[in-house]
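So you can see what is in the structure, the chains are spelled out below.
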Amino acid sequence: MTEADLALALLLVGGFALLGALITYGNARQAQAIREVGEVLHEWAIRHIQLSRATAASAIRIEDPVAWLQEALSRLPLPEGITRGLASERQGRGWVLLQSAAGRLLLTRPEIDPALLERGSRFVSPVLPRGSLRKAQVLELSPVTAWPTFDLELAQAWKRWFPEDPPPDRVRLLIWPEGTNGR
C-alpha cells in the first residue's frame, strides 16, 4: 500500500464520517421540528377542547338533578326500565340513593367506600342490606366513560344535591335491578 492509497483511504473514511455527521445533524433537526409541530398541535387541540367545553358549559342548565340523571342514564346501556321514574330516596354526605320502578341506584363520590353504606358506621346508618354490593352492577361515570361534558353537568347537579360540597369530576353508580334484593 502506497502513501497515496493510505491518503485516499483516510480521505474516504473522513468523508464517510463527515457524511454520517451531516445526516445525524439533519435527522436531529428534523426530529426537533417534528416534536415542535406535535407540541403546537397538542396545544391547539387543548385550546379547542377548552373552548368547546366553555361554550358547552355556558349552555348547561341543570334545574332538577334527578331529571338530569334520568336523562343522562338513558344514554347508557342499563337494565331495561331502570331509569324510568327515578326518585330520590335518601341522601347523605356524598351519596344519593335513587328508586325507580325497576330497581335502585346508588350514586356516590368515587372516594366513598360503598361498604360503609352497606354495613353502616357510627357516622352513616346502613343504607344497603348486607351482601347487596356483590349483586350490584358498578359503573364509573366521567367525561371519559360517559360524554365529554359529563363533569360540567355533574357539577351543576351536585351543587343542587350538596351545595356545601365541591363537586366531583366523576361518580360511581351502583345498580340493583328489581328482583336482585337491592334493598
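Our subject is the structure listed above.
What comes next concerns the included structure. Everything numeric in this text was worked out from a predicted model, so none of it was measured.

## With respect to the pattern of salt bridges
- Counting across every chain of the model gives eight salt bridges.
- Arg-75 is the salt-bridge partner of Glu-71, the closest N and O atoms lying 3.4 Å from each other.
- Residue classification places Glu-71 among the partly exposed positions, given a relative accessible area of 39%.
- For Arg-75, a relative accessible area of 44% gives the class partly exposed.
- By sharing partners, the salt bridges in this structure join Arg-93, Glu-164 and Asp-165 into a single network.

## Comments concerning the nonpolar core
- Residues Trp-68, Leu-69, Leu-73, Leu-105 and Trp-161 are the most contacted members of the largest nonpolar core, which totals 27 residues.
- If we skip the residues at most four places from it in the chain, Trp-161 touches Pro-65, Val-66, Leu-69, Gln-91, Val-96 and Leu-107.
- In this structure, Trp-95, Leu-97, Leu-106 and Leu-117 belong to the second largest nonpolar core, which totals nine residues.

## A word on the sheet that holds strand E1 (residues 87-92)
- The strand order across the open sheet formed by five strands is E1-E2-E3-E5-E4, and the pairing between neighbours is antiparallel. The outermost strands of the open sheet, each flanked by one partner alone, are E1 and strand E4 (137-141). Shown here is a sheet whose adjacent strand axes are inclined to one another by a mean of 20 degrees, direction ignored.
- With respect to the sheet, helix H4 (residues 150-161) is in contact with E1, strand E2 (95-100), strand E3 (103-108), E4 and strand E5 (171-177), its orientation differing from that of E5 by roughly 75 degrees.

## Looking at the packing of aromatic side chains
- If you walk through the whole model with that rule in mind, you get four aromatic pairs.
- Judged by centre distance (5.7 Å) and plane angle (35 degrees), the ring pair of Trp-68 and Phe-150 falls under tilted. Taken together, the residues span a long stretch of sequence, with Trp-68 in helix H2 (residues 65-73) and Phe-150 in helix H4 at a distance of 82 residues. Taken as a pair, Trp-68 and Phe-150 share a single burial class, namely buried.
- Considering the side-chain rings of Trp-158 and Trp-161, the 6.4 Å spacing of their centres and the 85 degrees angle between planes classify their relative orientation as edge-to-face. Taken together, the residues Trp-158 and Trp-161, both in helix H4 and three residues apart, mark about one turn of the helix.
- Residue Trp-161 is classed as buried on the basis of its relative accessible area of 8%.
- Clustering of aromatic rings is evident, with ring pairs tying together Trp-68, Trp-147 and Phe-150.
- Arg-75 extends its terminal NZ or CZ atom over the ring of Trp-147, reaching a point 4.0 Å from the ring centre.

The rules behind each value
Along each chain, residues carry numbers from 1 onward, in the same order as the chain's sequence is written. Only residues with pLDDT of at least 70 get local features here, since the model is predicted, and only at 80 or more are side-chain atom pairs given and counted; chain-wide, interface and lining totals rely on the full set of residues. To obtain the side-chain values, all non-hydrogen atoms of the structure were included, while hydrogens and water were left out. What makes a salt bridge here is a side-chain nitrogen of Lys or Arg within 4 Å of a carboxyl oxygen of Asp or Glu, nothing more. Working definition: with a 1.4 Å probe on protein chains only, accessible area under 20% of the residue-type maximum means buried, over 50% means exposed, and in between means partly exposed. Take the buried Ala, Val, Leu, Ile, Met, Phe, Trp, Tyr and Cys residues and link them wherever side-chain atoms come within 4.5 Å; each set so joined is a nonpolar core. Any two residues having at least one pair of non-hydrogen atoms within 4.5 Å are treated as being in contact. Pairing between strands requires that DSSP locate at least two bridges from one strand to the other. Helix and strand assignments come from DSSP, with helices taken as H or I runs of at least 4 residues and strands as E runs of at least 2, each series counted from the N terminus. To get an axis, a line is fitted to the C-alpha atoms, and for a helix only the part in contact is used. The angle between two axes follows their N-to-C directions and goes from 0 to 180 degrees. Ring geometry is summarised as follows: Phe, Tyr and Trp rings, the Trp one being its six-membered ring, pair when their centres sit within 6.5 Å, and such pairs are stacked at plane angles under 30 degrees, edge-to-face over 60 and tilted between the two. Lysine NZ or arginine CZ positioned within 6 Å of the ring centre and within 35 degrees of the ring normal marks a charge as sitting over the ring.

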